[in-house]
2 protein chains.
Amino acid sequence: MAEVTNRVERWGRFELGLDGPQVGNPFMDVHFGAVFSYGHRQVEVAGFYDGEGRYVVRFMPDVIGAWSYRTCSSASELDGVEGAFECVAPSEGNHGPVGVRDTFHFAYADGEIYYPVGTTCYVWNHQGDELEAETLRTLAEAPFNKMRMCLFPKHYRFNANEPEFFPFERKGEGWDWERFDPAYFCHLESLVDALSELGIEADLILFHPYDRWGFAGMAAEVDDRYLRYIVARLSSFRNVWWSMANEFDLMRAKTEADWDRYFRIVQESDPYHHLRSVHNCRGFYDHSRPWVTHQSIQHRLPERTAEWRQLYGKPVVIDETQYEGNIPLQWGNIPPQEMVRKFWEGTVRGGYVGHGETYLHPDDILWWSKGGTLHGGSPARIAFLRGIIEDGPAIGLDPVSGVMGYRFPCAAKGDDYFLAYCSIMQPAETELHLPEAKQYAIDIIDTWEMTIVTLEGVYSGDVEIKLPGKPYVAVRARAV
Amino acid sequence: MAEVTNRVERWGRFELGLDGPQVGNPFMDVHFGAVFSYGHRQVEVAGFYDGEGRYVVRFMPDVIGAWSYRTCSSASELDGVEGAFECVAPSEGNHGPVGVRDTFHFAYADGEIYYPVGTTCYVWNHQGDELEAETLRTLAEAPFNKMRMCLFPKHYRFNANEPEFFPFERKGEGWDWERFDPAYFCHLESLVDALSELGIEADLILFHPYDRWGFAGMAAEVDDRYLRYIVARLSSFRNVWWSMANEFDLMRAKTEADWDRYFRIVQESDPYHHLRSVHNCRGFYDHSRPWVTHQSIQHRLPERTAEWRQLYGKPVVIDETQYEGNIPLQWGNIPPQEMVRKFWEGTVRGGYVGHGETYLHPDDILWWSKGGTLHGGSPARIAFLRGIIEDGPAIGLDPVSGVMGYRFPCAAKGDDYFLAYCSIMQPAETELHLPEAKQYAIDIIDTWEMTIVTLEGVYSGDVEIKLPGKPYVAVRARAV
């Protein structure tokens, strides 16, 4: 008995559910999938067992028009089921999945530019309905359009609570590594969809080292089966990114070959080629490998963004560069000014910086891990920066030199747009070396006070301008 | 006709002036000096020609008691003049010249500890009586006990004014490289003495690259004669330090061998072995050479102090680490908070940091170069830091690790005293790992607000303490 949708929007999700065998262990014993066809084009997609005799295959069509499908399975009652659906125009706000654009930047599949403004709530999805709803309410008002989040629960300081859901079925004191728990995945999927509703990409962290349950040290075949199951369930969600790990280099049990293999499995299994990365603690994974789509970096110095761009020739996303907060741990107590400064340092060098927040909380609800509400001073300024970037030229900025001497970093779009940043320095005046062929309006931006003052007149070539003589000032020049 | 003083205090200045030949060029033609004797000990000292037929030899006695002297000269009327004087106890505030103590620190000759708290007014001594007097009035109220200053005048942005005095006599459009101008030196000496009155060491910069008069490119024999003349005139001033250069590596005409030679000439000529250093722009001179007494460093990262201590095994004095100010030049526009932070970063790693200030001024009177008055926010906080250090154990601090985890740098004196610094971070609590054998009083220091709050009770071993949760906090633990 097929349950199907007859109309699916472009980059929406088609889902076919069939009842099939429950004997033995369907997770291991039954192969199930489908081939989706549009004209002569065929896309082979893995399905998955969803428990209680239910077999599901999902598909994200990328072309408007008539699609058909035919299942294939090792179980005869699941094999050869055929059907069709109509792919229609996407609804408002659905721009498709994000991909790399122009080497160092990102765009949605429909061509709309995507400027990542990320935050991290590692295990907000393991905190129960009430807090998860609060996190979503906070996100609805926050400037973030990407969320880093872990699939496995987290064991760490401030993270002692036991989660409700686990990806594997319990077996005695441990886990049945051959049986997934569909309840965990249904819950996860509902949250990924909720993020999508808010226009937020879900940067899903597939492995991490903060573990007391055994998920950081599973056997290789369990790792691989887990990855394939995840991809089968979630790759049809348009807002999914695959992050192989958080701090992969702290996972002692895994080798470089393991990480290469995880990447390849995800790459082979995902028909849509969602973005793929891996996040370091200390040394970087070799981001030049072909399966890495962008650099997901932890580093204290976003000032090095231009260097990393050059090194790997891929977008630089600094997902972690210390967090605004006041906890004793050394990475979690920078003031809001410093968090905002790091965003600007990375931005004017052609990269994308991520936010995190770690203020002590009586119930250990720190945004960085559990979500909840934001307490810090940086999100408002990050929203201000996001507005400036979105108000700028339609494709990402690239670093240039010499615009404010060699002193201050500057991003540009051709010779139409320049955005320089004075960081903590407080010059009361500066030279600007603008192209002579065009005339520019100049704005003085106080990135902390969130003010923009446009200078009178237009400017060209070498000019001297006054500045406020205080920290955190940026200068924007736009061709008129 | 000898003019002599019969009583000289220890580390004071004995001066003998004799009239002699004026024919030819006495600077070049006449050798003059004296041997000073205390018991069987003899100290040979070079004299100098002071113009208008006057020959002078100066001496700084270091032992209380009866001293005698005998001149020697190539001019018969200056040769063999004998005399004696009594060296008496030093007056209050006279602790003798400063030397290195305990590898990384400094002390006066009488054993009193000297903690360098430097500032820089490169050519305050070339600004005319009125401004020079203002600078001295400012210094009398300021926290500084070392002044970096250039002997030659300075040509640079904000430094267009022509000085009144030059070390050489004019000759046509240029200089007579064989004749010094005593008026220049008298003026300089009066200012060095004025600094001494204020308890300020004069870190005299013998060469520098900011030049429009030809002093940066003199012939080697002129360089050498200039050095010997300077040392003959000034080595008897107890507060003199010899800095071979500012930004030696920007003086393209000079080779490494030149710098080695300058050091050796000064070392050979100075009977008192005043401190010797050379200051870099980019790469360091090899501070391990035997004639270098301490590291005079320009670097943006005082966080590297401990590394430099280990590298060269000599005191680290970071004379320049950007300046508080608002000028457009990249090294001169950090906010006061950052200047103070750099002082603390260096201090808690066992080094000594120097101050500079570059605020735009309608008449180009920037403290960094011309002196005048201070306008910034850092001197008050530097005074606060100096008070804390002087209030600490009687010999300099050395870096230790692990006292506030590996997170925060900490200086210590044995197990009696710890001073850790949180920099811009704003933890609201921290662990402290104190020795278990002693009990400690703990102070929370707000280095910007200049407050010290002593926690109730005494502490030992591993303890958790609350912190204000704001930037620029230090923690001090003192054994009770």
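Residues numbered from 1 in each chain as written. Chains lettered and ligands numbered in written order. Predicted model: local features only at pLDDT ≥ 70, side-chain atom pairs only at ≥ 80, totals over all residues.

1. A look at the relation of the copies chain A and chain B
Screw-axis analysis of chain A against chain B gives a translation of 0.1 Å along the axis, an RMSD of 0.1 Å, and a rotation angle of 180 degrees. Both copies of the chain, as the preceding transformation shows, are related through a two-fold rotation axis. Interface overlap between copies is the fraction of interface residues in one copy that are interface residues in the other; for chain A against chain B it reaches 100%, indicating a shared surface. (Least-squares fit on C-alpha atoms with pLDDT ≥ 70 in both. Contact = placed C-beta atoms within 7 Å.)

2. Overview of the pairing of strand 10 (residues 105-108) of chain B
All names here are of chain B. The side-chain alternation of strand 10 yields two buried faces, one formed by His-105 and Ala-107 and the other by Phe-106 and Tyr-108. Sheet analysis places strand 9 (residues 98-101) next to strand 10, joined by four bridges and oriented antiparallel. Directly across from Gly-99, in strand 10, lies its bridge partner Ala-107. Where strand 9 folds back on strand 10, the antiparallel hairpin that results is connected by three residues, among which Asp-102 adopts a positive phi of roughly 55 degrees. As judged from the two bridges shared by strand 10 and strand 11 (residues 113-114), these two strands associate in the antiparallel manner. Note on strand 11: the bridge partner recorded for Phe-106 is Tyr-114. Hairpin connection, strand 10 to strand 11: the antiparallel pair is bridged by four residues, and Gly-111 has positive phi, about 100 degrees. (Buried ≥ 20, exposed ≤ 12 C-beta atoms within 10 Å, placed from the backbone. Helix = DSSP H or I, 4+ residues; strand = E, 2+ residues; numbered from the N terminus. Pairing = 2+ DSSP bridges.)

3. Quick look at the environment of Ala-474 of chain A
When you line up the elements, Ala-474 of chain A lands in strand 30 (residues 473-479). A sequence separation of 52 residues divides Ala-474 of chain A from Cys-422 of chain A, and the C-alpha atoms of the two residues are 5.9 Å apart.

4. Overview of the nonpolar core
Membership of the largest hydrophobic core comes to 241 residues, with the highest contact counts inside it found for Leu-206, Cys-410 and Ala-420 of chain A together with Cys-410 and Ala-420 of chain B. Apart from residues no more than four positions distant in its own chain, Cys-410 of chain B is found in contact with Val-348, Val-400, Val-403, Met-404, Phe-418, Leu-419 and Ala-420 of chain B. (Core = buried A, V, L, I, M, F, W, Y, C linked by C-beta atoms within 7 Å.)

5. Structural notes on the domain arrangement of chain A
For chain A, the assigned domains are domain 1 (7-88), domain 2 (98-390) and domain 3 (398-479). Relative placement of domain 1 of chain A and domain 3 of chain A: their C-alpha centres are 54 Å apart. (Domains from an automatic or database assignment.)

6. With respect to the environment of Tyr-262 of chain A
Residue and element names in this part refer to chain A. Tracing the sequence through the fold places Tyr-262 in helix 5 (residues 256-269). As for Tyr-262 and Ala-220, which are separated by 42 residues in sequence, their C-alpha atoms are 9.8 Å apart. Beyond its immediate chain neighbours, meaning those up to four positions away, Tyr-262 contacts Leu-206, Asp-223, Leu-227 and Met-244.

7. Some words on the sheet that holds strand 28 (residues 451-454) of chain A
All names here are of chain A. The strand order across the open sheet built from five strands is 24-25-30-27-28, with neighbouring strands paired in antiparallel fashion. The two strands at the open ends of the sheet, each matched to only one other strand, are strand 24 (398-413) and strand 28. Taking each pair of neighbouring strands and ignoring which way they run, the sheet shows an average axis angle of 25 degrees. Where strand 27 (residues 440-446) meets strand 28, four bridges bridge the pair, whose relative direction is antiparallel. Paired with Ile-445 across the strands is Ile-452, a residue of strand 28. (Axes fitted to C-alpha atoms, helices over the stretch in contact; angles between N-to-C directions.)

8. Quick look at the environment of Phe-215 of chain B
On the secondary structure map, Phe-215 of chain B appears in the loop between strand 16 (201-207) and helix 4 (220-234). Overall, Phe-215 of chain B belongs to the buried group, with 23 C-beta atoms counted inside 10 Å.

9. Quick word on the interface of chain A and chain B
Listed as interface residues are 20 residues of chain A and, on the opposing side, 20 residues of chain B. Per-element tally for the side of chain A that touches chain B: the top contributor is strand 26 (residues 429-433) of chain A, with three residues. Grouping the amino acids of the side of chain A that touches chain B by side-chain chemistry returns 10 nonpolar, six polar and four charged. (Nonpolar A, V, L, I, M, F, W, Y, C, P; charged D, E, K, R; others polar.)

10. Description of the packing of helix 7 (residues 336-347) of chain A against helix 9 (residues 378-390) of chain A
Residue and element names in this part refer to chain A. Put simply, helix 7 and helix 9 touch, their axes get as near as 9 Å, and they point 20 degrees apart. Considering their axes alone, helix 7 and helix 9 lie roughly parallel with respect to each other. Where helix 7 crosses over helix 9, the handedness of that crossing is right-handed. From helix 7, Pro-336, Met-339, Val-340, Phe-343, Trp-344 and Thr-347 reach across to helix 9, where they touch Ser-378, Arg-381, Ile-382, Leu-385 and Ile-389. (Parallel < 35°, antiparallel > 145°, perpendicular 65-115°, else oblique. Left-handed = near helix turned anticlockwise from the far one by under 90°.)

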